[in-house]
Amino acid sequence: AVCALYRQTKAHLKMGRESDARRTFGNIEKGWDALSAEDKSKPCVLEARAYVEFTKVEDEFKAYEAIDFNTTNQNKLLQAVEKKQALIEELAAKYKAVIDLKHPEYAIASAYRIAIVSKLMADAFLNSPCPGQLTDDQCGMYQAALQEQAFPHEDAAIQLFDEVLQQAYGAKFYNEWLVKAQD
């Protein structure tokens, strides 16, 4: 039943009916819960569950991605930084839950997303504009401070991308997520 629901989900997506596809998620999850451990390890069932979990986290990832630091208002900047920082660990935990399902495609995709979350945080700092009231010298110091904030996230992203590559190579699995990690 779970495999049939998953095929139905994919058919809806192929027809561009995403809302219909998403309606099957709850039934896939209920079907998964009713399965034995042996049945949960079957490829189709595992892929269905991994797909559903990954897709649900992707919605949260898009919200995370939309948070930028493109403001010169310090209060708004601090709120954006706090919001984005709070979501990093939450997203990582949810993507790790997908990795724990051990479906190669979605495990690699999730590992890639964990890395990109760190990269996006670094990019948000690095692309943040100087507040208009600062002089050129002050703006230089401000940008240097932002670079210091960005560095740990950039460094983490590099290490995480390397882990994605090692995971994919170890599983002898090649997909679009591996290509993105290589880039």
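The structure contained in this document is the topic of the report that follows. Only a predicted model underlies this, so the values are computations on that prediction, with no experimental measurement involved.

**Describing the pattern of salt bridges**
Reasoning step 1: Under the definition given, this model contains 13 salt bridges.
Reasoning step 2: Here aspartate 39 makes a salt bridge to lysine 42, at a shortest N to O gap of 3.0 Å.
Reasoning step 3: A residue is classified by how much of its surface remains accessible, and aspartate 39, at 25% relative accessible area, is partly exposed.
Reasoning step 4: The closest approach of N and O atoms between lysine 180 and glutamate 176, which form a salt bridge, is 3.9 Å. A residue pair is termed a helical-turn pair when its members lie 3 or 4 positions apart in one helix, as lysine 180 and glutamate 176 do in helix H9 (residues 176-182) at four residues.
Reasoning step 5: Looking at lysine 180, the relative accessible area reads 34%, which means it is partly exposed.
Reasoning step 6: On the basis of relative accessible area, glutamate 176 is assigned to the partly exposed category, the value being 48%.
Reasoning step 7: The network of salt bridges with common partners includes Glu29, Arg49, Glu53 and Lys56.

**Things to note about the state of the cysteines**
Reasoning step 1: All chains considered together, the criterion is met by two disulfides.
Reasoning step 2: One disulfide in the model links cysteine 130 with cysteine 139; its S-S distance is 1.8 Å. One quick way to see it: the torsion about the S-S bond of cysteine 130 and cysteine 139 is about 95°, and its sign makes the bridge right-handed.

**Regarding the packing of helix H7 (residues 104-126) against helix H8 (residues 136-171)**
Reasoning step 1: Running from N to C, H7 and H8 cross one another at 165°; their axes reach a closest spacing of 7 Å. If you check the angle between H7 and H8, you find them roughly antiparallel. Taken as a pair, H7 and H8 cross one another with a handedness that is left-handed.
Reasoning step 2: When grouped by side-chain class, the residues that make up the contact of H7 with H8 number 19 nonpolar, six polar and two charged.

**Focus: the environment of proline 43**
Reasoning step 1: Mapped onto the fold, proline 43 is located in helix H5 (residues 43-66).
Reasoning step 2: Expressed as a C-alpha distance, the spacing of proline 43 and tyrosine 95, which sit 52 residues apart in the sequence, is 19 Å.

**Topic: the packing of aromatic side chains**
Each aromatic ring pair is summarised here by two numbers: the centre-to-centre distance and the angle between the ring planes.
Reasoning step 1: Enumeration according to the criterion identifies nine aromatic pairs in this entry.
Reasoning step 2: Geometrically, the ring pair formed by tyrosine 6 and tyrosine 51 is tilted, given 5.7 Å between the ring centres and 55° between the ring planes. Remark: tyrosine 51 occurs in helix H5 and tyrosine 6 occurs in helix H1 (residues 2-14); sequence separation between them is 45 residues. Taken as a pair, tyrosine 6 and tyrosine 51 share a single burial class, namely buried.
Reasoning step 3: Residues phenylalanine 54 and tryptophan 177 carry aromatic rings whose centres are separated by 5.6 Å and whose planes lie at 75° to one another, so their mutual orientation is edge-to-face. Here phenylalanine 54 is found in helix H5, whereas its partner tryptophan 177 is found in helix H9, with 123 residues between them in sequence. Summarising the burial analysis for this pair, phenylalanine 54 and tryptophan 177 share the class buried.
Reasoning step 4: Among the aromatic residues, ring-to-ring pairing joins Tyr6, Phe25, Tyr51, Phe54, Tyr95, Tyr106, Tyr112, Phe161 and Trp177 into one connected group.
Reasoning step 5: A cation over an aromatic ring shows up here: lysine 84 above the ring of tyrosine 64, its NZ or CZ 4.3 Å from the ring centre.
Reasoning step 6: One residue, lysine 180, lies across the ring of tryptophan 177, its end atom 4.3 Å from the ring centre.

**Here we look at unusual backbone geometry**
Reasoning step 1: Although it is not a glycine, lysine 102 adopts a positive phi angle of roughly 65°.
Reasoning step 2: Lysine 102 gets classed as exposed once you look at its relative accessible area, which sits at 65%.
Reasoning step 3: Unusually for a residue other than glycine, lysine 172 sits at a positive phi of about 55°.
Reasoning step 4: In this structure, lysine 172 sits in the loop between H8 and H9.

Calculation notes
- Residues numbered from 1 in each chain as written.
- Predicted model: local features only at pLDDT ≥ 70, side-chain atom pairs only at ≥ 80, totals over all residues.
- Heavy atoms only, no water.
- Salt bridge = Lys/Arg side-chain N within 4 Å of Asp/Glu carboxyl O.
- Buried < 20%, exposed > 50% of the residue type's maximum accessible area, 1.4 Å probe, protein only.
- Helix = DSSP H or I, 4+ residues; strand = E, 2+ residues; numbered from the N terminus.
- Disulfide = S-S within 2.5 Å.
- Axes fitted to C-alpha atoms, helices over the stretch in contact; angles between N-to-C directions.
- Parallel < 35°, antiparallel > 145°, perpendicular 65-115°, else oblique.
- Left-handed = near helix turned anticlockwise from the far one by under 90°.
- Nonpolar A, V, L, I, M, F, W, Y, C, P; charged D, E, K, R; others polar.
- Phe/Tyr/Trp six-rings, centres within 6.5 Å; stacked < 30°, edge-to-face > 60°.
- Lys NZ or Arg CZ within 6 Å of the ring centre and 35° of its normal.

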